[in-house]
Amino acid sequence: MPPYRELTYEIPLATPLQNQAWIAERDGPWRLVMFPGTPARKYLFERMLRTAPPDIEVVLLARPGYARGHRQAYLSFDDQVAAAAPFLDGAKKVVTLGVSYGGELALKALLDHPYTVKGAVTVAALITEPRPWVQPFVDLGGAPVVRSLVPRTLHYARAEVAGRRLQIGPLFARLKEVTAPVTILHGDADHLVSMNDARTLKSYFSDGADVEIRKIRGGTHFLEMQTPKALYAAARSVIARAGG
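Cut-offs and rules
- In every chain, residue numbers begin from 1 and rise along the written sequence.
- Local features in this predicted model are restricted to residues whose pLDDT is 70 or higher, and side-chain atom pairs enter the listing and the counts only when it is 80 or higher, whereas totals over whole chains, interfaces and linings include all residues.
- Hydrogens and water are ignored here; the side-chain numbers use all heavy atoms of the structure.
- Salt bridges are identified by distance alone: a Lys or Arg side-chain nitrogen within 4 Å of an Asp or Glu carboxyl oxygen.
- When accessible area is computed with a 1.4 Å probe and restricted to protein chains, residues below 20% of their type maximum are described as buried, those above 50% as exposed, and intermediate ones as partly exposed.
- What makes two strands pair is DSSP finding at least two bridges between them.
- Where helices and strands are cited, they refer to DSSP runs of H or I of at least four residues and of E of at least two residues respectively, numbered from the N terminus.
- Between N-to-C directions, angles span 0 to 180 degrees; the directions come from axes that are lines fitted to C-alpha atoms, helices contributing only their stretch in contact.
- In this analysis, two residues are considered to be in contact whenever any of their non-hydrogen atoms come within 4.5 Å of each other.

Q: Explain the pattern of salt bridges to me, please; I cannot follow it from the model alone.
A: A side chain with one charge can pair with a side chain of the opposite charge if their charged atoms come near. The tally for this structure, following the rule as stated, stands at 16 salt bridges. For Lys42, the salt bridge identified is with Glu46, shortest N-O distance 2.9 Å. Residue classification places Lys42 among the partly exposed positions, given a relative accessible area of 25%. Each of the salt bridges in this network shares a partner with another, and the network as a whole consists of Asp78, Lys108, Asp112 and Arg174.

Structure representation (structure tokens):
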């Protein structure tokens, strides 16, 4: 039996959108819903899907803009979190996990669906801005000579990184409301997002909130591919702290 299967489903947007997800189905009461970074790439999560725990159902979302047939970027956090709606149906208790750009989506899902989402894990979350060397290359992608040579999904990623700037203030202001457990994972060898972003994220929660930072020694920006065990250990920690 394959370790996981692909699903095609409809995202409940104003204009409904067909999307993809990959699921390692389990009979247990918990589900881990994963939001990839930008651009969203399934292959980065292949090891996670293939090594899903026997007692936790695991879902990887394609994210709007990156599934088959998508021809535009979806910059609204609301639209992105709507992609998880079919998996927040109350059938199971949920922990959300978000990588890089997806970290903010995991937190928004926690805030918007508190009765279903019992905790969150952020992984190499982009909270402020990428490291200084990154932005010149991002800008280069929009130059007329280069633009036509860059894959469409990389333009979507450029738009998402820019589009998040107007949305993160209201989102981070709401983090004071969070009482559910949150684990912040960050590698100390992350070449794209500084470890300081992990500390900045923790500062947005209220004093005494159940929020921990786990530093991954030698961890890169791609912890989902590098060390799935660390991500699953973080998810288990959140489940345990949520009373699971």
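After that view of the structure, there is still more to cover.
Q: When you look at the sheet that holds strand β2 (residues 17–24) in this model, what are you seeing that I'm missing?
A: Backbone hydrogen bonds are what pair the strands of a sheet, in a parallel or an antiparallel way. Strand order in the open sheet made by the eight strands is β1-β2-β4-β3-β5-β6-β7-β8, with mixed pairing throughout. The sheet is open, and its two edges are formed by β1 (5–11) and β8 (211–216), each paired on a single side. Neighbouring strand axes in the sheet, compared pairwise and without regard to direction, differ in orientation by 25° on average. In this sheet, strand β5 (residues 93–99) lies alongside strand β3 (residues 30–35) in parallel orientation, the contact comprising six bridges. From the neighbouring strand, Phe35 faces β5, where its bridge partner is Gly98. On the sheet, helix α3 (residues 101–112) packs against β3, β5, β6 (117–123) and β7 (182–187) and is oriented at approximately 170° with respect to β6. Here helix α8 (residues 196–203) sits on the sheet in contact with β6, β7 and β8, set at roughly 165° to β7.

Q: I keep staring at the side chain of Asn19 and nothing clicks. Help me out?
A: Tracing the backbone shows Asn19 in strand β2. The class of Asn19 is buried, set by a relative accessible area of 1%. If sequence neighbours within four positions are ignored, Asn19 has contacts with Leu7, Thr8, Tyr9, Ile11, Ala62, Arg63, Pro64, Ala67, His70 and Ala83.

Q: In this structure, what is going on with the environment of Asp207? I would like to understand it.
A: Secondary-structure assignment places Asp207 in the loop between α8 and β8. For the pair formed by Asp207 and Trp22, sequence separation is 185 residues and the distance between their alpha carbons is 37 Å.

Q: Quick question: what am I supposed to make of unusual backbone geometry here?
A: Excluding glycine, residues mostly have negative phi values, and the peptide bonds linking residues are mostly trans. In the segment running from Thr38 into Pro39, the intervening peptide bond is cis, with an omega of -5°. By secondary structure assignment, the location of Pro39 is in the loop between β3 and α1 (46–50). Although it is not a glycine, Arg63 adopts a positive phi angle of roughly 75°. Here Arg63 lies in the loop between β4 (56–61) and α2 (77–82). Note on Arg63: relative accessible area 0%, which makes it buried. Its identity is not glycine, yet Ala124 carries a phi of approximately 50°, on the positive side. Mapping Ala124 onto the fold places it in the loop between β6 and α4 (134–140). For Ala124, a relative accessible area of 0% puts it in the buried group.

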